[in-house]
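Report on the structure
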There are 2 protein chains.
Amino acid sequence: MSNYPGIRLLMTGDELIHGDIIDTNYSYLATTLIENGLVVQEKCTVGDNLGTLVHQIRRLSEASDILLINGGLGPTQDDLTAEAMAQAFDIELEQIPEARCHVEAWCERRGFALSPASLKQATLPHGAKIFPSSPGSAAAFCIRANDCLVIATPGVPSELKHIVKEELLSHILDIFDCNKPEPLTKFTLLGIGESSLQSLIDQTPAIKDNLEIGFRAGLPTLELKYRTKTGVDPDHSKDAKQLLEQAVADHLIDDRPSTVAQVLLKTLQETNQQFCTAESCTGGMIASELTRLPGASAHFQGAIVSYSNNVKHQVLGVEESTLETHGAVSEPVAKQMLAGALQQTQAEIGVAVTGIAGPDGGSADKPVGTVWIAWGTEHAVKTVRLCVKFPRVQFQQLVSAISMELVRRELKQQENPPAWLARWS
Amino acid sequence: MSNYPGIRLLMTGDELIHGDIIDTNYSYLATTLIENGLVVQEKCTVGDNLGTLVHQIRRLSEASDILLINGGLGPTQDDLTAEAMAQAFDIELEQIPEARCHVEAWCERRGFALSPASLKQATLPHGAKIFPSSPGSAAAFCIRANDCLVIATPGVPSELKHIVKEELLSHILDIFDCNKPEPLTKFTLLGIGESSLQSLIDQTPAIKDNLEIGFRAGLPTLELKYRTKTGVDPDHSKDAKQLLEQAVADHLIDDRPSTVAQVLLKTLQETNQQFCTAESCTGGMIASELTRLPGASAHFQGAIVSYSNNVKHQVLGVEESTLETHGAVSEPVAKQMLAGALQQTQAEIGVAVTGIAGPDGGSADKPVGTVWIAWGTEHAVKTVRLCVKFPRVQFQQLVSAISMELVRRELKQQENPPAWLARWS
């Protein structure tokens, strides 16, 4: 990517430098730029202080082809980006007619009067060009200075995304005549961590030398992104991709960025099945993950969160003698929980989970992390015992994900359980 | 805070500059420093590139009293912090005996052999002092250069937190002889947003002029932090605090940073009550939030997620005629769901929720966002109808939080529902 322009980002705002909010705008900008072949060289974050802003704008613009500034475009006294740009490059601030029209139109749509505070947003450095697609009252704008294209963008995440998609990205790519690189292929993997995947890649030079590879950990899934490295022979790249895809095949749950719940819901839709859960140690997490998704109601009957033995017996019909003989965390209890949930909800397929999330409740025989999962239909039930030695919430997230994946594989008639699950047994 | 040293942070790592992970280490460091009276002047983020690192370490150390570097201490080739520090200040790299002991002890604890990769972590700039509390194989360390204390810390979040708590913070405070400022008072609020609270503060100069105030949005709660501004008369500060506390009293759910589920569980423990839920539109989110917490099992019997009318009738005993006459989103159905959940789980207090999370399913009479909540005991049930016009997941989060808060107020015998809830009715 060495032919591409040097790009630096300046993120502004007291709330950022104080650590009060986490900088998700940067993550959005950086990943969008990388997909288009542009790597950020430096990100600098400072608070709402005029002197500091002027200094950094000058420093960063001198080193870059593009300086992208985020935040500080609003109507209040703390919003200093336009003024700092003017001072940094020693140019005048003036009311820009296009920016004034933009603010006026915005006020009219909202039924607001045009206030001095609103008009401040139309006062920009001489020569500024605005991006008309800006959805907020503050228009994004750019100027050329120090041989650098300096772009000011709003801090509101939804406004930023809108402008980037509508105008900004193509503007940057046009100006710098970037060749759009090969699109990234993105896979969602389950049951493999970053470091294991990294070692696997490091051990296979054919993959490492020919592909540009990135990860994004989305506990409990891992997003794998890859494309051909610049200058690599297409045949070598093809072989490398095949090798990589074979290496992760068992972990692949979707050929795009997804959550485990999204993939399960899609499969329930494709196979037109009704699903239910009986959850003890996951405490309703599977139901909650699934019902976050629009459209879940058409394929999800319901869940029984049987946190107490009484609910296991009373609602799910688990026999008291089974609970006494085998304990709540046992294969027979998991099976009876599943049978009860299927009967009570009239769903066609379901999963039941009973385990010890910790930190207390373990024993020598059944340590913290032990869990029994039963899944299937009224007439075909499978079970597995796992030991997932993670802290409580991570335990719940991983067990929920594994449970959903076991159901998805069942619906897809794939080998079940997957080979990688042996790691947890 | 103008007497305090200039502190700058350098965050390193390709995964950070590529936007693949969100920088939570920074948020932790900045908020910890601010609590102790130290404001970060600048944060700079760069990838794993030796030349860039050397340049930034030199630049930032020249401008600062303290430069805190995060990341790049590991055993791989990408971990360049020690080498970059040596080059930046033109000092030799050498094996530091304390660092070697640290790595050896770490390997011994894990039963690993001492490899060249491990030993790389003991090769540090001449004069480096390590922080012995470092829990990982890589010890944090510091050197003095350019009149600046340059501190290198590990990127693994749990290791970073451990070192900061055990040694680093007190080390910084000791060296710079900072007077520890008044501790921040922290409140958890529900039912008020950042902008409403900001306007409230802006309209009350007595609060604004005398208190240093910060927020941290933790959807659906808001953390409010405040302390006396430097130099303010203690009497003025006392009055200002009283005014602020009165202004937010109705929203206050805890006098420390908490989640709504944590506050509910604490109240269930204090009152020794057993809780249950019957959830339709929240899909198990209340149960899941509560059961993420250790100790939930002693006060949570279970939940019935009645996503279909069949489960409402079959498991919760809602009458079919009630569902037909009033519809699933109605006061009588919410009440019968609660009665059914209390009976089935044998809990003493519970909450039932039925509503339209959207994006589909609304009507003129019951638009998307309509929800009925019923809460209480077998003999004393209260209900409320709300209209929460938020996107699906935010709707679920807010309705879950309100439901838990209504139960907490009931247990505490507080006025119920709170006045602010009128905003949603």
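The structure displayed is predicted, hence computed values, not measured ones.

A few points about the overall build of chain A
In terms of regular secondary structure, chain A is built from 16 helices and 17 strands. By its C-alpha atoms, chain A is 85 × 55 × 40 Å across when sized along the principal axes. In chain A, buried positions account for 55% of the 425 residues. Placing the 35 positive and 51 negative side-chain charges of chain A at their respective mean positions leaves the two points 3 Å apart.

Focus on the interface of chain B and chain A
The partner chain A presents 59 residues to the 59 residues of chain B that form the contact. Of the roughly 4700 Å² buried where chain B meets chain A, counting both sides, 51% is carbon and sulfur surface. A per-residue breakdown of the area chain B buries against chain A is headed by Asp20, Arg292 and Tyr307 of chain B, which together make up 13% of the total. Our count for the chain B to chain A interface comes out at four salt bridges. A salt bridge links Arg59 of chain B to Glu42 of chain A, with the shortest nitrogen-to-oxygen separation between them at 3.7 Å. Remark: the boundary between chain B and chain A carries 30 residue pairs in polar contact (both at pLDDT 80 or more). A class-by-class count of the residues in the side of chain B that touches chain A yields 25 nonpolar, 26 polar and eight charged. Taken together, the five bridges between strand 2 (residues 40–46) of chain A and strand 2 (residues 40–46) of chain B define a ladder with antiparallel strand orientation.

Let's talk about the state of the cysteines
Going through the model one piece at a time under the given rule, you end up with zero disulfides over all chains. There is no disulfide at Cys387 of chain A, and the cysteine sulfur nearest it, in Cys281 of chain A, is 12 Å away. Look at Cys387 of chain A and you get partly exposed, because its relative accessible area is 24%. Distance from the sulfur of Cys107 of chain B, which forms no disulfide, to the nearest cysteine sulfur (Cys101 of chain B) is 12 Å. When its relative accessible area of 3% is taken as the criterion, Cys107 of chain B is described as buried.

Notes on unusual backbone geometry
All names here are of chain A. Here Asn416 and Pro417 are connected by a cis peptide whose omega angle stands at -5°. Relative to the helices and strands, Pro417 is located in the segment after helix 16 (392–411). Of note in the backbone geometry, Asn272 takes a positive phi value of approximately 50° without being a glycine. Examined against the element boundaries, Asn272 turns out to sit in the loop between helix 11 (260–271) and strand 13 (275–279). Residue class for Asn272 comes out exposed when judged on its relative accessible area of 55%.

Focus on the UniProt feature "domain: MoaB/Mog" (unreviewed entry) in chain A
As recorded in UniProt, the sites labelled "domain: MoaB/Mog" (unreviewed entry) are residues 8–175 of chain A. Taken end to end, residues 8–175 of chain A comprises 46% helix and 21% strand; its first and last C-alpha atoms sit 16 Å apart.

What to know about the packing of helix 11 (residues 260–271) of chain B against helix 16 (residues 392–411) of chain B
Residues and elements named next belong to chain B. One can describe the packing of helix 11 onto helix 16 by two numbers: an axis separation of 9 Å at closest approach and a directional angle of 25°. Judged by the inter-axis angle, helix 11 sits roughly parallel to helix 16. Our pair here, helix 11 against helix 16, has a crossing hand that is left-handed. Between helix 11 and helix 16, the contacting residues are Val260, Ala261, Val263, Leu264, Thr267, Leu268 and Thr271 on the first element and Ala401, Met404, Glu405, Val407, Arg408 and Leu411 on the second.

Overview of the packing of aromatic side chains
Applying the stated rule across the entire model yields eight aromatic pairs over all chains. Between Phe187 of chain B and Tyr226 of chain B, the aromatic rings sit 5.7 Å apart at their centres with planes inclined by 80°, giving edge-to-face as the arrangement. Here Tyr226 of chain B lies in strand 11 (residues 221–228) and Phe187 of chain B lies in strand 9 (residues 185–190), a separation of 39 residues in the sequence. Residue classification places Phe187 of chain B among the buried positions, given a relative accessible area of 9%. Here Tyr226 of chain B falls in the buried class, since its relative accessible area comes to 0%. Pairwise contacts between aromatic rings join Phe275 and Phe300 of chain A together with Tyr307 of chain B into one cluster. Residue placement shows Lys43 of chain A over the ring face of Tyr26 of chain A; its charged tip is 4.4 Å from the ring centre.

Comments concerning the pairing of strand 15 (residues 349–355) of chain B
All names here are of chain B. Burial analysis of strand 15 places seven of its seven residues in the buried class, the great majority of the element. Burial of the side chains of strand 15 extends over both faces: Ile349, Val351, Val353 and Gly355 are buried on one face and Gly350, Ala352 and Thr354 on the other. Bridge count for strand 15 against strand 16 (residues 370–376) is six bridges, and the pairing is antiparallel. Within the sheet, the bridge partner assigned to Val353 lies in strand 16 and is Ile373.

Definitions and limits used
Residues numbered from 1 in each chain as written. Chains lettered and ligands numbered in written order. Predicted model: local features only at pLDDT ≥ 70, side-chain atom pairs only at ≥ 80, totals over all residues. Heavy atoms only, no water. Helix = DSSP H or I, 4+ residues; strand = E, 2+ residues; numbered from the N terminus. Buried < 20%, exposed > 50% of the residue type's maximum accessible area, 1.4 Å probe, protein only. Lys, Arg positive; Asp, Glu negative; His and termini not counted. Charge placed at Lys NZ, Arg CZ, Asp CG, Glu CD. Contact = heavy atoms within 4.5 Å. Buried area = accessible area lost by both parts, 1.4 Å probe. Salt bridge = Lys/Arg side-chain N within 4 Å of Asp/Glu carboxyl O. Polar contact = N/O pair within 3.5 Å; in protein donor to acceptor, adjacent residues only side chain to side chain. Nonpolar A, V, L, I, M, F, W, Y, C, P; charged D, E, K, R; others polar. Pairing = 2+ DSSP bridges. Disulfide = S-S within 2.5 Å. UniProt positions renumbered as here; feature names shortened; annotations may be inferred. Axes fitted to C-alpha atoms, helices over the stretch in contact; angles between N-to-C directions. Parallel < 35°, antiparallel > 145°, perpendicular 65-115°, else oblique. Left-handed = near helix turned anticlockwise from the far one by under 90°. Phe/Tyr/Trp six-rings, centres within 6.5 Å; stacked < 30°, edge-to-face > 60°. Lys NZ or Arg CZ within 6 Å of the ring centre and 35° of its normal.

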